[in-house]
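Given next are the chains, with one letter for each unit.
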Amino acid sequence: MTRHFQIAGGNVRLQIYAQPKSSKTAWDGIIERNGSTWIKLKVSSPPVDGAANKEIQKFLSKEFQAAKSNVRIVKGEKNRLKIIELAGVDQEKVQAFLRMIKPAT
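Counting restarts for each chain, with residues numbered from 1 along the sequence as it is written. Under the rules for a predicted model, residues below a pLDDT of 70 receive no local features and side-chain atom pairs below 80 are neither given nor counted, while totals for whole chains, interfaces and linings still include all residues. With hydrogens and water stripped out, all remaining heavy atoms of the structure feed into the side-chain values.

Draft legend 1. Summary view of the nonpolar core. Counting residues in each nonpolar core, the largest one holds 24 residues, and the members touching the most others are Leu-14, Trp-27, Ile-39, Leu-60, Phe-64, Leu-86 and Leu-98. Helix numbering and strand numbering both begin at the N terminus, where a helix is a DSSP run of H or I of at least 4 residues and a strand a DSSP run of E of at least 2. Within the residue set of this core, elements represented by two or more residues are strand E2 (11-19), strand E3 (26-33), strand E4 (36-42), helix H1 (51-63), strand E5 (71-75), strand E6 (81-86) and helix H2 (91-99). Contacts are residue-level and defined by heavy atoms, with any inter-residue pair within 4.5 Å sufficient. The residues contacting Leu-86, other than those within four sequence positions of it, are Asn-11, Val-12, Leu-14, Leu-60, Phe-64, Asn-70 and Val-71. Side-chain atoms within 4.5 Å link the members of a nonpolar core, which is a set of buried Ala, Val, Leu, Ile, Met, Phe, Trp, Tyr and Cys residues. Buried, partly exposed and exposed residues are distinguished by accessible area as a fraction of the type maximum, computed with a 1.4 Å probe on protein chains only: under 20%, between the cut-offs, and over 50%, respectively.

See below:
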């Protein structure tokens, strides 16, 4: 997967680069890491006891109007580079939104 999102089996998979302990949880553009593009997401919670992961799930469920149980970390639970799967979301709306994210500065 080289793009920052992919449709997989009816679900949307996002490649997220998490930056914990930020002032607020918010999108911060597209970055390059390990030969792939990643969506940079600033996360207000620290990476302690899964707090940052919970914050990411909460943010994405609200952002894409999905149940928290439909936002699943597939890979990278203890890493900044994460693959997150969204189930039960409008794929076209997610794709349109993600295409609007600009490269990080």
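Draft legend 2. Representation of the pattern of salt bridges in the model. The salt bridge criterion pairs a side-chain nitrogen of Lys or Arg with a carboxyl oxygen of Asp or Glu, the two atoms within 4 Å. By the definition in use, this model includes three salt bridges. Residues Arg-13 and Glu-85 are paired through a salt bridge, measuring 2.8 Å at the closest nitrogen-oxygen approach. Here Glu-85 lies in strand E6 and Arg-13 lies in strand E2, a separation of 72 residues in the sequence. Linking Lys-40 and Asp-28 is a salt bridge whose minimum nitrogen-to-oxygen distance equals 3.3 Å. With Lys-40 in strand E4 and Asp-28 in strand E3, this residue pair connects regions lying 12 residues apart in the sequence. Classification of Lys-40 by relative accessible area gives buried; the value is 17%. A residue is classified by how much of its surface remains accessible, and Asp-28, at 24% relative accessible area, is partly exposed. Shared partners join several salt bridges into a network, and the residues in it are Arg-13, Arg-72 and Glu-85.

Draft legend 3. Geometry of the pairing of strand E1 (residues 5-8). Bridge count between E1 and E2: four bridges; the pairing is antiparallel. Among the inter-strand pairings, Ala-8 is bridged to a residue of E2, identified as Asn-11. The pairing criterion is simple: DSSP has to find at least two bridges between the two strands. The antiparallel hairpin formed by E1 and E2 contains two residues in its connecting segment, where Gly-9 sits at a positive phi of about 60°.

Draft legend 4. Spatial organisation of H2. Within the span of H2, buried status applies to Val-94, Gln-95 and Leu-98. Seen from one end, H2 has its buried residues packed into an arc of 100°, which puts them on one side. In H2, the exposed positions angled more than 90 degrees off the buried face are occupied by Glu-92 and Lys-93. As used in this structure description, the phrase polar contact means that two N or O atoms lie within 3.5 Å; if the pair is within protein, one of them must be able to donate a hydrogen and the other to accept it, and residues adjacent in sequence are counted only when both atoms belong to side chains. Capping of H2 at its N-terminal end is provided by Asp-90; its side-chain oxygen lies 3.1 Å from the backbone amide nitrogen of Glu-92. Directions pointing from the helix axis toward each C-beta atom define the arc.

Draft legend 5. Representation of unusual backbone geometry within the structure. If you check the backbone angles, Lys-21 has positive phi at about 60° while not being a glycine. Looking at where Lys-21 falls in the secondary structure, it is placed in the loop between E2 and E3. Positive phi is not limited to glycine here, since Asn-34 has a value of about 50°. Take Asn-34: it is sitting in the loop between E3 and E4.

Interpretation in functional terms is not warranted from these geometric data alone.
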